[in-house]
Amino acid sequence: MPLPSPRSRLLVLVVAIMLVVAWCMPAAASTPEEVQEITRLINIERTSRGLRPLSIETRLVIAAQQHSDDMATRDFFSHTGSDGRDLWQRLLDVGYSAQLVGEAIAGGQSTPADVVSGWMRSDGHRMLLLHPDLAHLGVGHAYNAGATFKHYWTADVAQPGGGYTTPTPVSIATLPPTMPPPTATHIPPPTATLIPPPPTATLPAYVPPTRVPPGPSPTPLPPDIVRLMVPRLFLPDIGVSTGPGIQQR
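What you see is a predicted model, and the numbers here were worked out from it, not measured in a lab.

Digging into the pairing of strand S3 (residues 98-107)
Logical step 1: The buried fraction of S3 is high, at nine of ten residues.
Logical step 2: Pairing of S3 with strand S5 (residues 151-160) involves nine bridges; the strand directions are antiparallel. Bridging from a neighbouring strand, Glu103 pairs with Asp156 of S5.

Digging into the environment of Glu45
Logical step 1: Among the secondary structure elements, Glu45 is positioned in helix H2 (residues 32-47).
Logical step 2: Note: C-alpha distance between Glu45 and Leu130 (85 residues apart in sequence) is 7.7 Å.
Logical step 3: Other than its neighbours up to four places away in sequence, Glu45 contacts Met120 and Leu130.

A look at the pattern of salt bridges
Logical step 1: Evaluated as defined, the whole model comprises eight salt bridges.
Logical step 2: Between Arg40 and Glu37 there is a salt bridge, with its nearest N and O atoms 2.8 Å apart. Of this pair, Arg40 and Glu37 both sit in helix H2, separated by three residues, roughly a single helical turn.
Logical step 3: The salt bridge involving Arg59 is made with Glu57; its shortest N-O contact spans 2.8 Å.
Logical step 4: Each of Asp83, Arg85 and Asp93 takes part in one network of salt bridges that share partners.

With respect to the nonpolar core
Logical step 1: Core analysis: the largest hydrophobic core is formed by 21 residues, its most contacted members being Ile42, Trp119, Leu137 and Val157.
Logical step 2: Taken together, the elements giving at least two residues each to this core come down to H2, S3, helix H5 (112-120), helix H6 (123-129), strand S4 (136-143) and S5.
Logical step 3: If sequence neighbours within four positions are ignored, Leu137 has contacts with Thr39, Ile42, Leu54, Ser55, Ile56, Glu57, Leu60, Val61, Ala155, Asp156 and Val157.
Logical step 4: Core analysis: the next-biggest nonpolar cluster, separate from the first, contains ten residues, Ala63, Leu91, Ala98 and Val101 among them.

Rules of the game
Residues numbered from 1 in each chain as written. Predicted model: local features only at pLDDT ≥ 70, side-chain atom pairs only at ≥ 80, totals over all residues. Heavy atoms only, no water. Buried < 20%, exposed > 50% of the residue type's maximum accessible area, 1.4 Å probe, protein only. Helix = DSSP H or I, 4+ residues; strand = E, 2+ residues; numbered from the N terminus. Pairing = 2+ DSSP bridges. Contact = heavy atoms within 4.5 Å. Salt bridge = Lys/Arg side-chain N within 4 Å of Asp/Glu carboxyl O. Core = buried A, V, L, I, M, F, W, Y, C linked by side-chain atoms within 4.5 Å.

So, in structure tokens, the structure goes:
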């Protein structure tokens, strides 16, 4: 059997190198316009139901983008990263201390509108993104032509530690007008019979309390213990197929 010509062998080698390079290429990151658009679409769904809109939080954007990059580059689809970290750990690593957290991921959709539409058609994702106590949102998107779903989306939502309150503005028009105090009518006090005061009681001498020296500073709890002490949102770990090459969790 004749061996392939040097030209054929060179062509096979070049194709193999191109496939390896395409597979190992870093995933393309999301653009600010994509982050803004997904935030806008989610907030339309929230405000139409009387819920406060979510604001973009830079640290959540970083965590979401890192997870999308991880999934696209290593071709997997899960809430658990390739290094074993979950969402809670990823937020702690970027310096965000949360009271409530949640995450929605999707694969295969090419536009923000398709992603949000898919999440809103899923009961678990809709319940997550419309949770009334959430305040912050971070969005990540990565594209890798060599990965299974090509497009990988992540939306991280959270409420910061200590809760979230919206101050109620006070309008000057609603304040009561300044009124002059009413003129008091002088009524002479009735004549009273004076009663001598009781005898002065003898009080015990003041003894200052004994000063207790401060103890050592408490040892900070490890992050694993802290995470167990804080309430969490349910992360929808459900696989939903919405079409060929489309997945979301």
